[in-house]
Each structure stands twice: as C-alpha cells, then as structure tokens.
Amino acid sequence: QVQLVESGGGLVQPGGSLSLSCTNVGSSFSIYTRGWYRQAPGEQRELVATITTGGSANYADSVKGRFTISRDNAKNTVYLQMNSLKIEDTAVYYCHYKSFSGGDYWGPGTQVTVSS
C-alpha cells in the first residue's frame, strides 16, 4: 500500500542546482528515517543522505557541503536540495523510507544527469 514517488530529476549543467522531492502517495506508516540513495552505471547503490522525523541528518562525504536533505512530516515528503553539482553526481536517485518496524520502502528512481 505504500508507494513512494520522486520528482525533480533532470538535466543540469555542472555547478548548477537541482531539487528532488519524494512523497508517499499510498498508505501512511510510522517513519523512522527518510533518505536518498543513488546508483551510477556500473556502481553499487550508495547512501546520499538520511534524515529523521526530528531533523537529524547524515550525509555521504562526497556530498557534504553541497547537498541538503529536509523533510515535511505533515506532507510525508523528503526533499533533497543539490547545489554545486558535479558530473560525478550523475546517477539514478532513489527515495527510501524506513519504518519503525524495520520495513524498507523504495521509490522507482529518478535520473539526475549533470552535463554541459
């Protein structure tokens, strides 16, 4: 019943910015963390950032200082602001929600391409 939908992916030039959003459009559930992962061609899926309902955030070293994760608890939405984008940020970005009971929920992914 849980369905996560991402939006905001697309093409952006190096140094540019892009914002991603992910909303649960299905049934509500008790959220432990919300986060973003990404997977580039030929690479493993990696953690980008996570955030708790209280706002405690963690970031991968590769995006610290450039990306900001935030959330709107009332809207069941997680947001990723990406600034100073680099070519190596190109990947499919996946939304991830984790429930207090240990359940994992994934969005279908959205393509982010950083290219001139």
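The structure contained in this document is the topic of the report that follows. Note that this is a predicted model, so its numbers are computed, not measured. Sequence positions are assigned chain by chain, starting from 1 and proceeding in written order. With the structure being a predicted model, the display of local features is reserved for residues of pLDDT at least 70 and the display and counting of side-chain atom pairs for 80 or more, all residues being used for whole-chain, interface and lining totals. Note that water and hydrogens are dropped before the side-chain values are worked out from all heavy atoms of the structure.

### A short note on the pattern of salt bridges
- For this document, the term salt bridge refers to a Lys or Arg side-chain nitrogen within 4 Å of an Asp or Glu carboxyl oxygen. If you walk through the whole model with that rule in mind, you get five salt bridges.
- As a salt-bridge pair, R38 and E46 come within 2.8 Å of each other at their nearest N and O atoms.
- A salt bridge links D89 to R66, with the nearest nitrogen and oxygen atoms 2.7 Å apart. Pair noted here: D89 is in the loop between β8 (77–82) and β9 (91–99) and R66 is in the loop between β6 (57–59) and β7 (67–72), with a separation of 23 residues, a long-range link. Like D89, the residue R66 is buried in the burial classification.
- Here the salt bridges do not stand alone but share partners, grouping R38, E46, R66 and D89 into one network. For the purposes of this entry, the term helix denotes a DSSP run of H or I that reaches at least four residues, the term strand denotes a run of E that reaches at least two, and both are numbered from the N terminus. Burial here depends on accessible area, computed with a 1.4 Å probe over protein chains only, as a share of the maximum for the residue type. Under 20% is buried, over 50% is exposed, and the range in between is partly exposed.

### Considering the nonpolar core
- In terms of nonpolar packing, the biggest core is built from 25 residues, with W36, L80, M82 and Y93 touching the most fellow members.
- Looking at this core, the elements that each hand over two or more residues are β3 (18–24), β4 (31–39), β5 (46–52), β7, β8, β9 and β11 (110–114).
- Counting residues per element, this core draws most heavily on β9, which supplies four residues.
- Setting aside residues up to four positions removed in sequence, Y93 forms contacts with E6, L20, W36, Y37, R38, V48, F67, L80, M82, G109, T110 and V112. For our purposes a nonpolar core is just a set of buried Ala, Val, Leu, Ile, Met, Phe, Trp, Tyr and Cys residues, chained together by side-chain atoms within 4.5 Å. Any pair of residues with heavy atoms lying within 4.5 Å of one another is described as a contacting pair.

### Quick look at the state of the cysteines
- The disulfide criterion used throughout: a pair of cysteine sulfur atoms within 2.5 Å. In this structure the tally under the stated criterion is one disulfide.
- Across a sulfur-sulfur distance of 2.0 Å, C22 and C95 are joined as a disulfide pair. With the S-S bond torsion at -85°, the cross-link from C22 to C95 turns out left-handed. Here C95 lies in strand β9 and C22 lies in strand β3, a separation of 73 residues in the sequence.

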